[in-house]
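These are the residues of each chain, in order.
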Amino acid sequence: MKKILIIKHGSLGDIALSLPAFYSIRNNYPQSEIYLLTEEKFINFFKKSKLINYFISNNRNESYLKTFKTLLDLVKINFELIIDLQNSERTSVYNLFFRVFHKAKICSSRSFAHYRYKIPQQGKESIITGLFNQLKLIGINHVNKIDYDWLKIDLKEKYNEPLVLFIPGVSKGNEYKQWQPEKFLELAKYFEKNGFSICIIGTKNDIDSAKPILDNCSNIINKIDKSPPEVIYSIAKESQLIISNDTGPGHLASLSNTKIIWIGNEDRISRSNIVNDDFSNKILSKKVKNIEVKQVINLVEKLI
């Protein structure tokens, strides 16, 4: 394959969960020119990975006219293979467009693909496993060991005490996935009492989730609104443990292979998002808010 187009939009969590698939594609096609159609905000992130040769910006809020023009420009490139890793209603329209105006073979779980992976009911397999199964249709084998240290940066802070990373926030609209901030506070006091420093990450929208800890604990490193992907990953690498809701920054932090405790709902979404590996530890309930702090502390004491 001389030229391959990958399509991937989505949230930070979606991007983090798709990275093993990107590595697998590059590993199977080391000499190919790989193009990526993605949102502008993720282009610098992917540039650092060196997995992609060329980038085409395609934002969610773009007009139909601009998106149509972008697709017309892509038709001029002689792709041999188009891999849809987004697998959304939006990309099914793209698949139809390419099917009509382009000769490239399309791999997707959506309509109009030449190689279509039929996704099982949500929760039957993780997102990562689903993408691997999709790529198997075109003979791409997955890579087992992946090094994400291209995300690592030198942190200004020096941590003289053992560090635990807290991710107490969730994105807007996902409040049903959030463990109560006051329970995060109680857990933070436990760690502080036992000689840990606590780092809190999140966007400016997470300030209310972090405020109880910021107001009531003293051994705190506040990275709210100061935690781009490189900072999240680098702090996670320095940490002994990560405590997180089922949220995008948590999935990015999990790339560090630091032990992580996921606190979430026992539902199809969490079963799809949270992988089963040697580093992931889950405390799930039908309602995340019913999970008690003592349950988390008991697991902490087994892990560290």
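Look up: the structure comes first, before these words.
Residues numbered from 1 in each chain as written. Predicted model: local features only at pLDDT ≥ 70, side-chain atom pairs only at ≥ 80, totals over all residues. Heavy atoms only, no water.

### A short note on the overall build of the chain
From N to C terminus, the chain includes eleven helices and twelve strands. Projecting the C-alpha coordinates of the chain onto the three principal axes gives extents of approximately 65 × 40 × 35 Å. A total of 304 residues make up the chain; the buried ones form 55% of that total. Long-range pairs, those at least 24 residues apart, make up 62% of the contacts in the chain between residues at least 6 apart in sequence. Carbon and sulfur atoms provide 48% of the accessible area of the chain, an area that totals close to 15,200 Å². (Helix = DSSP H or I, 4+ residues; strand = E, 2+ residues; numbered from the N terminus. Buried < 20%, exposed > 50% of the residue type's maximum accessible area, 1.4 Å probe, protein only. Contact = heavy atoms within 4.5 Å. Areas by Shrake-Rupley, 256 points an atom, 1.4 Å probe, with all protein chains shown as cover.)

### With respect to the nonpolar core
Counting 50 residues, the largest nonpolar core has Ile 6, Phe 46, Ile 83, Leu 85 and Leu 165 as its most contacted members. Among the elements that take part in this core, helix H1 (residues 12-28) stands out by supplying seven residues, more than any other. Other than its neighbours up to four places away in sequence, Ile 6 contacts Phe 22, Ile 25, Ile 34, Tyr 35, Leu 36, Leu 37, Ile 52, Ile 83 and Leu 85. Within the second largest apolar cluster, 29 residues are counted, among which are Phe 196, Ile 224, Ile 263 and Leu 299. (Core = buried A, V, L, I, M, F, W, Y, C linked by side-chain atoms within 4.5 Å.)

### Section: helix H11 (residues 293-303)
The set of residues buried in H11 consists of Val 293, Val 296, Ile 297, Leu 299, Val 300 and Leu 303. End-on, the buried residues of H11 take up no more than an arc of 165 degrees, which puts them together on one face. Turned more than 90 degrees away from the buried face of H11, the exposed residues are Lys 294 and Lys 302. The inward-facing, buried residues of H11 abut helix H6 (181-193), strand E10 (241-245), strand E11 (260-265) and strand E12 (280-285). (Arc of directions from axis to C-beta.)

### Focus on the pattern of salt bridges
With the rule as written, the count across this model stands at nine salt bridges. Lys 223 is the partner of Glu 157 in a salt bridge, and the nearest nitrogen-oxygen pair spans 2.8 Å. One end of the pair, Glu 157, is in the loop between helix H5 (127-136) and strand E7 (163-167); the other, Lys 223, is in strand E9 (residues 220-224), and 66 residues separate them in sequence. One salt bridge in this structure joins Glu 266 and Arg 271, with 2.8 Å as the shortest N-O distance. Judged by its relative accessible area of 38%, Glu 266 falls in the partly exposed class. Connected via shared salt-bridge partners are Lys 69, Asp 73 and Lys 76. (Salt bridge = Lys/Arg side-chain N within 4 Å of Asp/Glu carboxyl O.)

### Details of unusual backbone geometry
Most peptide bonds take the trans configuration, and most residues that are not glycine carry a negative phi. Positioned with a positive phi, Asn 87 is a non-glycine residue whose angle comes to about 55 degrees. Within the secondary structure, Asn 87 is located in the loop between strand E4 (81-84) and helix H4 (89-101). A residue is classified by how much of its surface remains accessible, and Asn 87, at 14% relative accessible area, is buried. Although it is not a glycine, Asp 225 sits at a positive phi angle of roughly 65 degrees. Position of Asp 225 among the secondary structure elements: in the loop between E9 and helix H8 (229-238).

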